[in-house]
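Observations on chain architecture
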Amino acid sequence: MRLSLLFWLCHTLPESLAVASLAVVLCVGKLEWKQVFIISIPFAFSVFLVRLLPLEFGVHFIILMILLSMQLAAQLKKSLSSCLLTALLVGMILAVSETFFINFFSLLTGINMDPEIHGLLLHISFGWGHIAFLFVMALVVEKWKKGHYKKGKKYHG
């Protein structure tokens, strides 16, 4: 599952930023952009390298979630176990939202999203729905957590 440079720049890098945004908010309760960039850039490179490996479907995902949890734990000074749970939750949200948005856009347009058939640019553009959704979700979770902190409630996640 090799990635082209164009796909990496226009899809994988923004997706890594969105994944890191949601993960950071879930771990620390607020969106800290410095932390997001420090986590997401190496994670995007990890995605590129891991996708070069000749592994069965799904193994890439497991490796990447472990790498993400290690980056979260190291950067945010949180326990590896809580970061692993966060990474798995974010990974599940990513998988569900990506599947939903790709199928939704395919139904809406009547176009099969297969990059072999319709090209890389269409494949990239169909992928932006779930990336935007992850960013919005990070902002919503941050706002929700801020509201709970103001009321004196603490969310432990």
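For the structure, see preceding data.
Notes on the structure follow. (Residues numbered from 1 in each chain as written. Predicted model: local features only at pLDDT ≥ 70, side-chain atom pairs only at ≥ 80, totals over all residues. Heavy atoms only, no water.)

Section: the pattern of salt bridges
- As enumerated under the stated definition, the model contains two salt bridges in all.
- Between Glu32 and Lys30 there is a salt bridge whose closest N-O contact spans 3.7 Å.
- Its relative accessible area of 43% is what places Lys30 among the partly exposed residues.
- For Glu142, the salt bridge is made with Lys146, and the minimal N-O distance between the two is 4.0 Å. You can see Glu142 and its partner Lys146 sitting in helix 6 (residues 120-150), four residues apart, about one turn around the helix.
- Note on Glu142: relative accessible area 12%, which makes it buried.
- According to the relative accessible area criterion, Lys146 is partly exposed, its value standing at 43%. (Salt bridge = Lys/Arg side-chain N within 4 Å of Asp/Glu carboxyl O. Buried < 20%, exposed > 50% of the residue type's maximum accessible area, 1.4 Å probe, protein only. Helix = DSSP H or I, 4+ residues; strand = E, 2+ residues; numbered from the N terminus.)

Topic: the environment of Val19
- Along the chain, the position of Val19 falls in helix 1 (residues 5-28).
- Considering only alpha carbons, one finds Val19 and Val36, 17 residues apart in sequence, at a separation of 8.9 Å.
- Setting aside chain neighbours within four positions, we find Val19 in contact with Phe43, Leu68, Val90, Leu94 and Leu134. (Contact = heavy atoms within 4.5 Å.)

Let's talk about helix 2 (residues 33-52)
- Taking 1.5 Å per residue as the helical rise, helix 2 with its 20 residues ought to reach 28 Å, and the 29 Å between its terminal C-alpha atoms agrees with that figure.
- Within the sequence span of helix 2, burial applies to Gln35, Val36, Ile39, Ser40, Phe43, Ala44, Ser46, Val47, Val50 and Arg51.
- At its buried positions, helix 2 is contacted by helix 1 and helix 3 (59-76). (Expected span 1.5 Å × (residues − 1).)

Remarks on the side chain of Ser69
- Its location among the elements puts Ser69 in helix 3.
- In this view, Ser69 contacts Leu80, Cys83, Leu84 and Ala87; residues no more than four positions away in its chain are not counted.

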